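# A closer look at the structure
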Amino acid sequence: MAKVIKKKKIRILPFFLLILILAAIFFTVEIVLDSKIKNIIVEGNEIISDQQIIRQAGIEDYPSFYKNTSSSLEKKIEEIPWIKKVKVKKEFYHVVVIEVEEHKALFEKETNGKYVLENKEEITTDLNLPYSVPKLTNEMPEDQYDRFIKNLQKVDEGVREKISEIKYDPNDYDKDRFLLYMDDGNSVYLTLTKFEMINYYNDVLPQLDGRKGYLYLDSGNHFQIMQ
């Protein structure tokens, strides 16, 4: 007696519904991932403009909020030489907040016209700095140069902005001596081991009674009136 082979019926409807559900999930995820950045806020910058930071991050056209991760944006912005630290936060309503900390320019090298930052990096820029920096008028040995940068960072910004020029000016007794020309017409001699004494400059000024001269802070503390 011949066997009867029963054919299995393919349930088309459940299969079709599964495809529809998967497709709906896929398109929903794509729509969410393609949601655009609605607003960009940049904080902490003085030298680099908001637009430069946004352009460096690659989000000037307000692309996807989710596909651009905070870490990827931070890596791009960190490539700007002026940027010391950056933190990117994502907030509700597709808002991107970029918090930056910029390197300070310590001085400008007269020999090449470049600004020297806290990390010793030298930058050529046509940007207008929001603060004044002194000009280093000559070169010096590497050891003195490294220590000079470290000591200059310890000088209060308010005092540093009053220094117009700095000259490495060693003599037979002190290879670490510098001559600082102040923007008020006075000059100050300093040595690297006492460099922070320039922070007391504003306290000394009233004692000079408006006289102009040389303030020796490298060896002893005395003032010599200009002839």
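As a reminder, the structure under discussion sits directly above these lines.
Below or above, wherever it landed, is the structure these notes cover. (Residues numbered from 1 in each chain as written. Predicted model: local features only at pLDDT ≥ 70, side-chain atom pairs only at ≥ 80, totals over all residues. Heavy atoms only, no water.)

## Considerations on the packing of helix α2 (residues 50-57) against helix α3 (residues 70-77)
Any two packed helices are characterised by the angle at which their axes cross and by the distance between the axes. Condition: Fitted lines through C-alpha atoms give the axes, limited to the stretch in contact for helices. The angle between two N-to-C directions lies from 0 to 180 degrees. Numbering of helices and strands runs from the N terminus, with a helix taken as a DSSP run of H or I at least four residues long and a strand as a DSSP run of E at least two residues long. By the definition adopted for this analysis, an angle is roughly parallel if under 35 degrees, roughly antiparallel if over 145, roughly perpendicular if from 65 to 115, and oblique otherwise. The crossing is said to be left-handed when, going from far helix to near helix, the turn is anticlockwise and less than a right angle, and right-handed when the turn is clockwise. Throughout, a residue-residue contact means that at least one pair of heavy atoms, one from each residue, lies within 4.5 Å. Residue type decides the class: Asp, Glu, Lys and Arg count as charged, Ala, Val, Leu, Ile, Met, Phe, Trp, Tyr, Cys and Pro as nonpolar, and the leftover types, Gly among them, as polar.
Two elements in contact, α2 and α3, have axes separated by 8 Å at closest approach and are oriented at 120°. When the axis of α2 is compared with that of α3, the two are oblique. Pair α2 / α3 crosses with right-handed handedness. From α2, I53, Q56 and A57 reach across to α3, where they touch L73, K76 and I77. Its residues placed into classes, the contact of α2 with α3 shows four nonpolar, one polar and one charged.

## Quick word on the side chain of T191
Worth spelling out the cut-off: The buried label applies to any residue whose accessible area, calculated with a 1.4 Å probe on protein chains only, is under 20% of its type's maximum; exposed applies above 50%, and partly exposed to all values in between.
With respect to the helices, strands and loops of the structure, T191 is situated in strand β10 (residues 187-191). Its relative accessible area of 5% is what places T191 among the buried residues. Residues contacting T191, with those up to four places away along its chain left out, are D174, D176, R177 and D218.

## Considerations on the environment of L180
Looking at the secondary structure, you find L180 in strand β9 (residues 177-182). When neighbours within four sequence positions are excluded, L180 is seen to be in contact with I163, E165, I166, N186, S187, V188, L190, F195 and I198.

## Focus on the sheet that holds strand β2 (residues 83-91)
Keep this limit in mind: Two strands are counted as paired when DSSP detects at least two bridges linking them.
Ordered by their spatial adjacency, three strands build an open sheet running β1-β3-β2, and the pairing between neighbours is mixed. The sheet is open, and its two borders are formed by β1 (39-43) and β2, each paired with just one other strand. The average angle at which neighbouring strand axes cross in this sheet is 15°, direction not considered. Pairing analysis gives five bridges linking β1 to strand β3 (residues 95-102), with the strands arranged parallel. Residue pairing in the sheet places I41 in a bridge with V97 of β3. Running over the sheet, α2 touches β1 and β3 and is turned about 120° from β1.

## Let's talk about the packing of aromatic side chains
Counted only if it meets this: Stacked, edge-to-face and tilted labels apply to pairs of Phe, Tyr and Trp rings (six-membered ring for Trp) whose centres lie within 6.5 Å, assigned for plane angles under 30 degrees, over 60, and everything in between, in that order. Here, a charge over a ring is recorded when the distance from Lys NZ or Arg CZ to the ring centre is within 6 Å and its angle to the ring normal is within 35 degrees.
For the structure on display, the rule yields nine aromatic pairs. Their ring planes at 80° and their centres at 6.0 Å tell us that F148 and F195 sit as a pair that is edge-to-face. One end of the pair, F148, is in helix α4 (residues 142-152); the other, F195, is in the loop between β10 and α6 (201-204), with 47 residues separating them in the sequence. Take F148 and F195: they sit in the same class, and that class is buried. Centroid distance F178 to F195: 6.0 Å. Interplanar angle 85°. Geometry classified as edge-to-face. With F178 in strand β9 and F195 in the loop between β10 and α6, this pair connects stretches of sequence that are 17 residues apart. One aromatic cluster in this structure is built from F107, Y145, F148, Y168, F178 and F195. Directly above the aromatic system of F65 lies the positively charged group of K90, at a separation of 4.9 Å from the ring centroid.

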